[in-house]
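Overview (structure and organization)
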Amino acid sequence: MEHEPHIRDLLTTLKRVAGAFKADGVPFALSGGFAAFARGAPPSRHDVDFAVLPEDAERALEVLAKAGLRPVDTVEDWLVKAHDGEVVVDLIHSPADIPVTPALLARAAPLKVDSVHVPVLDATDLVVMRLRAFTEHECDFSGPLATVRALREQVDWGRVDAEVGASPYARAFLVLLGLLGVTGGKGSAMPHEPPQYAAGHLQQALAEDPRTAEQGIRVRVVGDDVYLSGQVSCPRRRDRVLEVARERMPDYRVHDELSVVRFDGPVREERLT
């Protein structure tokens, strides 16, 4: 098994490369796993990635060589590489054959990474780049899923959908995110699933969530509106049903048509409005 660099070595290389680029005036932004780390995701354990303009790739490699890193040959035509001891540095200029642009680098924000400020790619751009990389041979969702869960509130999901929607592999991942409730945060503009599926998924969630465990709730979805009807045993149970529904369907308006039926005496129905 190939030995992986220690996280401290990776961070040291990250700061070394960023310092060299700043000193030489190379436009760049932190990309990949450490960009996600700077925005709240788990850190990378393999390499350090930077985004550079295609016309700056060779110059950037020369800057790293002057800083003591060792450029290495690569068969890929969308990046160039250098080694800093055991740490691999990828300079990505055309991810998924789409060139890095000045606009993409301009959207990067200066964030603090292990005591230094580094321009870090926008969260939406990070997710777009990652989803564009899915192919029939590279389609493992486990790592990207952990990343997007951490970044979900920072991502414009409408822009992600618009930019990667032509890829069936990216579409499959976005469907998974929707079913898991990941894409329902701020900025989400993902299209709703068919009403019958949305209703079925919410009914299943209400049955399985330990806060509710409700089997008898009826769910009706009309456009952007969700109507909940049926009987629950107490006002607290009603509140929990509404809470779960709003969590699972944050882009919909949830309407309460539930009735509270008390069983602590003669059976009577209380209609709450």
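Residues numbered from 1 in each chain as written. Predicted model: local features only at pLDDT ≥ 70, side-chain atom pairs only at ≥ 80, totals over all residues. Heavy atoms only, no water.

Glancing now at the overall build of the protein. Within the protein, the regular secondary structure consists of ten helices and eleven strands. Computed over C-alpha atoms, the radius of gyration of the protein comes to 24 Å, more than 25% over the 19 Å expected from 2.2 N^0.38 for 273 residues, which places it beyond the range of a compact globule. In terms of its C-alpha atoms, the protein occupies a principal-axis envelope of roughly 85 × 35 × 35 Å. For the protein, with 273 residues in total, the buried portion stands at 44%. Across the protein, the fraction of contacts at a sequence separation of at least 24, relative to all contacts at a separation of at least 6, is 61%. Counting every atom, the protein has about 14,100 Å² of accessible surface; 51% of that belongs to carbon and sulfur. Computed over 32 positive and 42 negative side-chain charges, the inter-centroid distance for the protein is 8 Å. (Helix = DSSP H or I, 4+ residues; strand = E, 2+ residues; numbered from the N terminus. Rg over C-alpha atoms; globule rule 2.2 N^0.38 Å. Buried < 20%, exposed > 50% of the residue type's maximum accessible area, 1.4 Å probe, protein only. Contact = heavy atoms within 4.5 Å. Areas by Shrake-Rupley, 256 points an atom, 1.4 Å probe, with all protein chains shown as cover. Lys, Arg positive; Asp, Glu negative; His and termini not counted. Charge placed at Lys NZ, Arg CZ, Asp CG, Glu CD.)

We now examine the packing of helix α9 (residues 195–208) against helix α10 (residues 235–248). The N-to-C vectors of α9 and α10 enclose an angle of 135°; their axes lie 10 Å apart at closest approach. Classified by the interaxial angle, the pair formed by α9 and α10 is oblique. By crossing handedness, the relation of α9 to α10 is classed as right-handed. Residues Leu202, Ala205 and Leu206 of α9 lie in contact with α10, whose contacting residues are Val241, Val244, Ala245 and Arg248. Taken together, the residues that form the contact of α9 with α10 break down as six nonpolar, no polar and one charged. (Axes fitted to C-alpha atoms, helices over the stretch in contact; angles between N-to-C directions. Parallel < 35°, antiparallel > 145°, perpendicular 65-115°, else oblique. Left-handed = near helix turned anticlockwise from the far one by under 90°. Nonpolar A, V, L, I, M, F, W, Y, C, P; charged D, E, K, R; others polar.)

If you trace the backbone, Val148 turns up in helix α6 (residues 142–151). For Val148, a relative accessible area of 3% corresponds to the buried category. Remark: the alpha-carbon pair of Val148 and Leu126, spanning 22 residues in sequence, is separated by 9.4 Å.

Moving on: the UniProt feature "domain: BON" (unreviewed entry) in the protein. Mapped onto this structure's residue numbering, the UniProt feature "domain: BON" (unreviewed entry) falls at residues 200–261. Counted over residues 200–261, helix gives 37% and strand 35%. Its end C-alpha atoms are 24 Å apart. (UniProt positions renumbered as here; feature names shortened; annotations may be inferred.)

The subject of this paragraph is the environment of Pro194. In this fold, Pro194 is placed in the loop between α8 (168–179) and α9. C-alpha separation for the pair Pro194 and Val221, spaced 27 residues apart in sequence, amounts to 9.0 Å.

Of all hydrophobic cores here, the largest spans 59 residues; its most connected members are Phe21, Leu30, Phe50 and Leu91. For this core, the element with the highest residue contribution is helix α1 (residues 7–24), accounting for eight residues. In contact with Leu30, other than residues within four places in its own chain, are Leu14, Ala35, Val48, Asp49, Phe50, Val113, Val118, Pro119, Val120 and Leu121. Core analysis: the second largest hydrophobic core is formed by 19 residues, Leu206, Val219, Leu228 and Tyr252 among them. (Core = buried A, V, L, I, M, F, W, Y, C linked by side-chain atoms within 4.5 Å.)

Once that is clear, we can look at unusual backbone geometry. Generally, phi is negative for residues other than glycine and the peptide bonds are trans, each holding for most cases. Phi at Asp97 takes a positive value of approximately 65°, unusual for a residue other than glycine. Along the chain, Asp97 turns up in the loop between β5 (87–92) and α4 (102–106). Positioned with a positive phi, Asp114 is a non-glycine residue whose angle comes to about 50°. If you trace the backbone, Asp114 turns up in the loop between β6 (109–113) and β7 (116–120).

We now examine the pairing of β7. Judged from the five bridges that link them, β6 and β7 form a sheet pairing that is antiparallel. Opposite Ala109, over in β7, you have Val120 as the bridge partner. Adjacent in sequence and paired antiparallel, β6 and β7 are bridged by two residues, among which Asp114 carries a positive phi angle near 50°. (Pairing = 2+ DSSP bridges.)

To continue, consider the packing of helix α7 (residues 157–164) against α8. Two elements in contact, α7 and α8, have axes whose closest approach is 10 Å; the angle formed by their N-to-C orientations is 155°. Here α7 lies roughly antiparallel to α8, going by the angle between them. When you trace α7 past α8, the crossing you get is left-handed. Taking contact as the criterion, the partners of Trp157, Val160, Asp161 and Val164 in α7 are, on α8, Ala170, Arg171, Leu174 and Leu177.

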